[in-house]
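# Remarks on the overall topology
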Amino acid sequence: MPNLAILKPPGFSRHLLAALAVAVLLCAAGEAWAHSVAEGDKGYIQESSGVLFWPFVYLGAKHMVTGYDHLLFLFGVIFFLYRMKDIGIYVTLFAIGHSTTLLFGVLTGISANAYIIDAIIGLSVVYKALDNLGAFQRWLGFQPNTKAATLIFGFFHGLGLATKILEFEIAEDGLIANLVAFNIGVELGQLLALAGILILMGFWRKTGSFMRHAFAANTVLMTAGFMLVGFQLAGYAAS
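The rules behind these values
Residues numbered from 1 in each chain as written. Predicted model: local features only at pLDDT ≥ 70, side-chain atom pairs only at ≥ 80, totals over all residues. Heavy atoms only, no water. Helix = DSSP H or I, 4+ residues; strand = E, 2+ residues; numbered from the N terminus. Expected span 1.5 Å × (residues − 1). Core = buried A, V, L, I, M, F, W, Y, C linked by side-chain atoms within 4.5 Å. Buried < 20%, exposed > 50% of the residue type's maximum accessible area, 1.4 Å probe, protein only. Axes fitted to C-alpha atoms, helices over the stretch in contact; angles between N-to-C directions. Parallel < 35°, antiparallel > 145°, perpendicular 65-115°, else oblique. Left-handed = near helix turned anticlockwise from the far one by under 90°. Contact = heavy atoms within 4.5 Å. Salt bridge = Lys/Arg side-chain N within 4 Å of Asp/Glu carboxyl O. pLDDT = per-residue confidence, 0-100. Phe/Tyr/Trp six-rings, centres within 6.5 Å; stacked < 30°, edge-to-face > 60°.

### A closer look at helix 5 (residues 84-108)
The end-to-end C-alpha distance of helix 5 is 35 Å, a good match for the 36 Å that 25 residues give at a rise of 1.5 Å each. Within two residues after helix 5, Gly109 carries a phi angle of roughly 80 degrees, on the positive side.

Structure (structure tokens):
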């Protein structure tokens, strides 16, 4: 991974950073309080019974494609990954993590406070941005295991979704099949979102601006993560 510890943001990147931070704030504000499941989907989940494979595949894919916190984390994970083998390893670890806690949490009924879990998910974005900036090497003198961190944060991402699903009280009839379908949809949505990110990153990496603005991009990513944490903690305090 390139050492960004010695990089300084270009002059105009300060303006870019401010503009992007405001944009992220406006985009996130509308959904930060009711993360991940739209009201229409919520009603559909509550009223459904029996095995509904394809509708739940669709709901899972929709969640991932519109899940800004998941996408920000994935963006940070692949930011400096160039080989498809490495991308596959990290994305697989993330998928194993959130699939495990999604299924386990719903089937066992184990949940946690949604605001706290979502705040931790926001911290996962902050962690990855700091990792890309080389902060941990400077602060700790060594590089934490990024594969283990991706898996662990994957657990929290899945637990956050499981906590939300439990609030909607899915019917017991067809529960396991619908959960499996939902998780398949999540993975398909993740692949679709990842493909889009990789295409955009591929074009960006071919330009000279990639390394010049890598510092600013990860600073924006870190800012977005902190804002997500702030929204969720504010929601927790108000609840």
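### A word on the nonpolar core
Core analysis: the biggest nonpolar cluster contains 28 residues, and Phe73, Val77, Ile78, Phe79, Ile87 and Leu130 have the highest contact counts within it. When residues of this core are traced back to their parent elements, those giving at least two are helix 4 (68-78), helix 5, helix 6 (114-132), helix 7 (135-140), helix 8 (146-167), helix 9 (175-205) and helix 10 (209-238). Counting residues in hydrophobic clusters, the runner-up holds 17 residues, among them Val57, Leu161, Leu175 and Ala181.

### Quick look at the side chain of Gln190
Tracing the backbone through its elements, the reader meets Gln190 in helix 9. On the accessibility criterion, Gln190 (1% relative accessible area) is buried.

### A few points about the packing of helix 4 against helix 6
Remark: helix 4 packs on helix 6, axes separated minimally by 9 Å, with the N-to-C direction vectors making an angle of 20 degrees. One finds that helix 4 runs roughly parallel with respect to helix 6. Where helix 4 crosses over helix 6, the two elements pack in a sense that is left-handed. Within the contact between the two elements, helix 4 uses Asp69, Leu72, Phe73, Gly76 and Val77 and helix 6 uses Ile121, Ser124, Val125, Lys128 and Asn132.

### Considering helix 4
Within helix 4, eight of the 11 residues are buried, leaving the element largely enclosed by the surrounding structure. Along helix 4, the residues classified as buried are Tyr68, Asp69, His70, Phe73, Leu74, Gly76, Val77 and Ile78.

### Overview of the pattern of salt bridges
In the structure shown here, the tally under the stated rule is two salt bridges. Note that Arg83 is salt-bridged to Asp86, the shortest N-O span being 3.1 Å. The exposure class of Arg83 is exposed, given its relative accessible area of 51%. Salt-bridge contacts for Lys128 lead to Asp131; the nearest nitrogen and oxygen are separated by 2.6 Å. With a gap of three residues between them, Lys128 and Asp131 both fall in helix 6, about one helical turn apart. Across the pair, Asp131 and Lys128 agree in class, each one buried.

### What to know about the confidence of the model for the protein
The predicted model of the protein averages 83 in pLDDT, with 83% of residues at 70 or higher. Long-range and interchain partners of residues 5-13, a stretch whose pLDDT sits below 50, account for 11 contacts in this model, where long-range means more than four residues apart. Long-range and interchain partners of residues 26-36, a stretch whose pLDDT sits below 50, account for 21 contacts in this model, where long-range means more than four residues apart.

### Section: the packing of helix 3 (residues 53-66) against helix 4
Packing of helix 3 against helix 4 leaves a shortest axis separation of 5 Å and a crossing angle of 60 degrees. Accordingly, the angle class assigned to the pair helix 3 and helix 4 is oblique. Listed contacts from helix 4 to His63, Met64, Val65 and Thr66 of helix 3 are Tyr68, His70 and Leu71.

### Considerations on the packing of aromatic side chains
Counted according to the given criterion, the structure contains 12 aromatic pairs. Judged by centre distance (6.1 Å) and plane angle (65 degrees), the rings of Phe73 and Phe153 are edge-to-face. Taken as a pair, Phe73 in helix 4 and Phe153 in helix 8 lie far apart in primary sequence, 80 residues in all. The exposure classification of Phe73 matches that of Phe153, with both residues buried.

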